Amino acid sequence: MFNRLCNSKRVFICLVAAATQVLYSDIYPLITNVLSRDTHSLNGKWNYIIDPYETGFYDYRYQESGSGYFRNQKPRDKSDLVEYDFDKSPLINVPGDWNSQRSELLFYEGTIWYKKSFDDPRKDPSSRLFVYFGAANYEAIVYLNGKKLGKHIGGFTPFCFEITDGLRPTQNDIVVKVDNKRYREAIPTVNTDWWNYGGLTRDVCLIETPQTFIRDYSIQLKKDSRDTIAGWIQLDGIEKEMDVTLEIEELGIKRIVTPNSSGKAEFEFAGSPVLWSPASPKLYDVTLTAGDSTVRDQIGFRTIQVRGQNILLNGQSVFLRGICIHEESPLGAGRACTPEDAEVLLGWAQELGCNFVRLAHYPHNEYMLRTADRMGILVWSELPVYWTILWDNQATLDNALNQLEEMITRDKNRASVILWSVANETPVSEPRLTFLRALIDRARQMDATRLITAAMEKTSRGNTVLIEDPLGKYLDVLGCNEYIGWYEGTPELCDKKTWQTSYEKPLIMSEFGGGALQGYHADDKTRFSEEYLERLYIHQVAMLKKIPFLRGTTPWLLKDFRSPRRPLPDIQDYYNRKGLFSETGQRKKAFYIMQDFYQQKAKEANP
Ligand code: GCU
């Protein structure tokens, strides 16, 4: 019925986008490139209160209370009854998930309240001030001095609120209710194979801006062009039509553009940059100025296209030598969230011989993308539309669309990002296809330059594996996960498999592999031994080499990671053991099988 009513895709997209806006209207439009802004960090120790019954939010009739913990109240006199006190409550690090910081919170799923106090940091009292969160998993309600600023849903994308009007000169209280409870209508839904790390998991800061400032911009090579730079700049504030200067000094480019009445200036001009690539990750200093607002970025320029079953980077066919990565710190426990984490994880990928990473199964922190830009590593970025999503639920679609928009808004200027993935291993059905097509349409509308992919379902007929998932019709690049030799048969079964595709499109084998406890040695028939995993990779690589339309591989995965689905004592202990590295950074024997394959592929590409 809904589809018949929306007889044109454009109408459908507008309706869905409108619905999304209504649901997320209290979130301020994202201020991008926060690392280049005039910021005051709120990272560090925050007081926290564990609140499994949401006593700080609901009254005893389960109605939203007007005097919850967000008021940060103190007894007015000795008779007053206040049954919480942030200042006497313990401290926890931000950024950081709570699960890995307190043993009693390892499995905790529920609400934790955070409180941080700060004085008005503005150098210029006429400036505007925003509070910015790199991410909060899963649902965050933010209050300033007892007043609700709004709610953000989604655990892996940034959001901000303007706080200019609510500020006091001193002792401003930011209180955040973070709830990581899983629920069926969410994105992701209740069942995932990763740890549900809750909390303020990424940087939190205050952003000071002039009254009118450059809030967002897109600066890339025009689609399919190598000598035309195109994009737009969005002003925010009262002087929406003030001139903006765009400068790329190294290219001798300096342009002045004038925004329209909504503050948006579109531009297109000749420019022939040295193209960004893994071999030569050239980044240009870009400076945008508008009145008192200056934003600097480092942007790479490249083209990415598909032609038949080939992926073309800067017009050249490329084989993506990749690895899947979960956002877990290689240096300790819990969520990765620092530049150092990114350097180590991507350094391990480069040691494996990678020119590509699949950041599973959700948008990673911005340091990963900026480090990939600098190191010359191509990126598959993904939405946590994972497994059995509630496809028929409008609020679920709105949530997915909002997370997609936040992912693309934040990373649309990162040369390393070549693929937006809209799903992972989602069961084939009409509602699922309709849902994913809405995401694909929105992604293409926001960003015509990048390719769209997903880890699709495969089918088998005997030992023939078929890539025929109807979703493939709407993707540019096909992804497929397979665990032949681990979940399906023995490693030798790989030798019997042939692969067929219904599409004249490139395929990335987006997951394969198996588990092994690093340091556990036995014969190669013993499950979870390093030798079994090595044998599996040997047969997997032999099979992958025979697939003519294969243009990339991302084995599952770089490092062992925590999962509630993996309790096997003495082997898993709540870790998924499919890493080529252990959780302490020890390489397994299978690492070297994959490294050897990538050395061969690199030689083929550069004989
Ligand atoms: C699936 C899924 C991964 C999961 C992996 C596994 O393919 O996409 O998220 O961790 O298999 O079973 O280890």
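All figures in this text were calculated on a predicted structure; none of them were measured in a lab.

Caption draft 1: Seen up close, the sheet that holds strand β11 (residues 213–221). Reading across from one edge, β11-β12-β15 is the order of the 3 strands in this open sheet, with antiparallel pairing throughout. Edge positions in the sheet fall to β11 and β15 (264–270), since each has one partner strand and no second. Direction aside, the axes of adjacent strands within the sheet are offset by 15° on average.

Caption draft 2: Representation of the packing of helix α5 (residues 394–411) against helix α6 (residues 430–446) within the structure. Following both chains from N to C, one finds α5 and α6 inclined at 25°, their axes separated by 10 Å at the closest point. Our classification of the angle between α5 and α6 gives roughly parallel. Where α5 crosses over α6, the two elements pack in a sense that is right-handed. On α6, the residues touching T396, L397, A400, L401, L404, E405, I408 and T409 of α5 are F435, A438, L439, R442, A443 and M446. Across the contact of α5 with α6, the residue classes break down as 10 nonpolar, 2 polar and 2 charged.

Caption draft 3: Seen up close, empty space enclosed by the protein. For the structure shown, the criterion picks out 3 cavities of 30 Å³ or more. Volume-wise, the largest cavity comes out at about 110 Å³. Considering the residues around the largest cavity, the lining is formed by N137, Y138, F156, N180, K181, R182, A186, P188, T189, T192, W194 and N196. Its boundaries defined by the atoms lining it, the second largest cavity holds a volume of some 70 Å³. Lining the second largest cavity are Q220, L221, K222, K223, D224, R302, T303, I304 and T449. Considering only residue class, the lining of the second largest cavity consists of 2 nonpolar, 3 polar and 4 charged.

Caption draft 4: Representation of the environment of W380 within the structure. Along the polypeptide, W380 turns up in strand β24 (residues 378–382). W380 sits 276 residues away from E104 along the chain, and the two C-alpha atoms are 35 Å apart. Not counting residues within four places of it along the chain, the set of residues in contact with W380 comprises F356, V357, R358, L359, L419, S421, T453, A454, A455, G479, I508 and S510.

Caption draft 5: Just the pattern of salt bridges, in detail. All told, the structure shown has 46 salt bridges when counted by the stated rule. Here R128 and D236 are joined by a salt bridge, their closest N and O atoms 2.8 Å apart. In this pair, R128 sits in strand β5 (residues 128–133) while D236 sits in strand β12 (residues 228–236), placing the two residues 108 residues apart along the sequence. In this structure, R128 and D236 share a single accessibility class: buried. The salt bridge partner of R444 is D476, with a shortest N-O separation of 2.8 Å. In this pair, R444 sits in helix α6 while D476 sits in the loop between β28 (464–467) and β29 (478–481), placing the two residues 32 residues apart along the sequence. Counted as one network, the salt bridges with shared partners bring together D297, E366, R370, D373 and R414.

Caption draft 6: Spatial organisation of the pairing of strand β2 (residues 44–50). Pairing analysis gives 4 bridges linking β2 to strand β3 (residues 91–94), with the strands arranged antiparallel. Bridge assignment links W46 to a residue of β3, and that residue is I92.

Caption draft 7: Just the confidence of the model for the protein, in detail. Within the protein, residue pLDDT values average 95, and 96% of them lie at 70 or more. Contacts for the low-pLDDT stretch residues 19–23, under 50 throughout, to residues beyond four places or in other chains number 8 contacts.

Caption draft 8: A look at the site of the ligand. Near the ligand, the surroundings consist of 14 residues, among which D193, H361, E425, Y487 and E511 are the closest. E425 places a polar side-chain atom, nitrogen or oxygen, 2.3 Å from an oxygen atom of the ligand. For the ligand, an oxygen atom lies 2.5 Å from a polar atom in the side chain of E511. Look at the ligand: alone it shows 320 Å² of surface, and the protein chains cover 96% of it.

Caption draft 9: Quick look at the domain arrangement of the protein. Splitting the protein by domain gives domain 1 (23–209), domain 2 (225–300) and domain 3 (305–513 + 550–558 + 587–605). Counting residues at the interface gives 5 residues for domain 1, matched by 5 residues for domain 2. Three residues, N33, S36 and R128, lead the burial of domain 1 against domain 2; their summed loss comes to 67% of the area buried on that side. Linking domain 1 with domain 2 are 1 salt bridge. Here domain 1 is connected to domain 2 by 4 residue pairs in polar contact (both at pLDDT 80 or more).

Caption draft 10: Looking closely at the nonpolar core. Judged by nonpolar contacts, the single largest core of 97 residues is most densely connected at V385, F435, L439 and W499. Taken domain by domain, the makeup of this core includes at least three residues from each of domain 1 (23–209) and domain 3 (305–513 + 550–558 + 587–605). One finds L105, Y114, A136 and V142 within the second-largest nonpolar core, a separate group that totals 30 residues.

Caption draft 11: Layout of helix α4 (residues 366–375). Most of α4 sits out of view: 9 of its 10 residues are buried. Among the residues of α4, those classed as buried are E366, Y367, M368, L369, R370, T371, A372, D373 and M375. Its side-chain oxygen 3.1 Å from the backbone nitrogen of Y367, N365 forms the N-cap of α4. The positive-phi residue at the C-terminal boundary of α4 is G376, with phi of around 80°.

Caption draft 12: The environment of A336, seen in detail. Structurally, A336 can be placed in the loop between β22 (324–325) and α3 (339–352). The exposure class assigned to A336 is buried, which follows from its relative accessible area of 3%. Separated by 13 residues in sequence, A336 and A349 have C-alpha atoms that sit 15 Å apart. Look past the residues within four positions of A336 in its chain and what remains in contact with it is E327, E328, S329, D341, L345 and N365.

Rules of the game
- Here, residues in each chain are numbered from 1, in the same order as that chain's written sequence.
- Only residues with pLDDT of at least 70 get local features here, since the model is predicted, and only at 80 or more are side-chain atom pairs given and counted; chain-wide, interface and lining totals rely on the full set of residues.
- As a convention, hydrogens and water are excluded, and side-chain values are obtained from all of the structure's heavy atoms.
- Here, any two strands with at least 2 DSSP bridges between them count as paired.
- Only DSSP runs of H or I reaching four residues or more are called helices, and only runs of E reaching two or more are called strands; each is numbered from the N terminus.
- To get an axis, fit a line to the C-alpha atoms, keeping to the stretch in contact for a helix; angles then go from 0 to 180 degrees between the N-to-C directions.
- Every angle not falling under 35 degrees, over 145, or within 65 to 115 is termed oblique; those three ranges are roughly parallel, roughly antiparallel and roughly perpendicular.
- The sense of a crossing depends on the near helix, which, turned anticlockwise from the far helix by less than a right angle, makes the crossing left-handed and, turned clockwise, makes it right-handed.
- Contact between two residues is taken to exist if any of their heavy atoms lie within 4.5 Å; hydrogens are not considered.
- Under the convention adopted here, Pro, Cys and the residues Ala, Val, Leu, Ile, Met, Phe, Trp and Tyr are nonpolar, Asp, Glu, Lys and Arg are charged, and Gly plus all remaining residues are polar.
- Both cavities and pockets are sets of points on a 1 Å grid over the protein atoms alone; in a cavity a 1.4 Å probe fits but cannot get out, in a pocket the set is open with protein on both sides within 12 Å along at least five of seven lines, and lining residues sit with an atom within 4 Å of a point.
- Grid points are joined across faces, edges and corners, and a volume is the space filled by probe spheres set on the points.
- Any carboxyl oxygen of Asp or Glu that lies within 4 Å of a side-chain nitrogen of Lys or Arg is treated as forming a salt bridge with it.
- Each residue is placed in one exposure class: buried if its accessible area under a 1.4 Å probe, protein chains only, is under 20% of its type's maximum, exposed if it is over 50%, and partly exposed if it falls in between.
- The predictor attaches a confidence to each residue, called pLDDT, with possible values from 0 through 100.
- Here, proximity means that at least one heavy atom of the residue falls within 4 Å of the molecule or strand.
- Definition of a polar contact: a pair of N or O atoms within 3.5 Å, with one able to donate and the other able to accept a hydrogen when the atoms are protein atoms, and with sequence-neighbouring residues admitted only if both atoms are side-chain atoms.
- Residue burial considers only the protein chains on display, and all accessible areas are found by Shrake-Rupley using a 1.4 Å probe.
- The split into domains, and so the bounds of each, comes from an automatic or database assignment of domains.
- Two parts placed together each lose some accessible area under a 1.4 Å probe, and the buried area is that loss summed for both.
- We call a set of buried Ala, Val, Leu, Ile, Met, Phe, Trp, Tyr and Cys residues a nonpolar core when their side-chain atoms join them within 4.5 Å.

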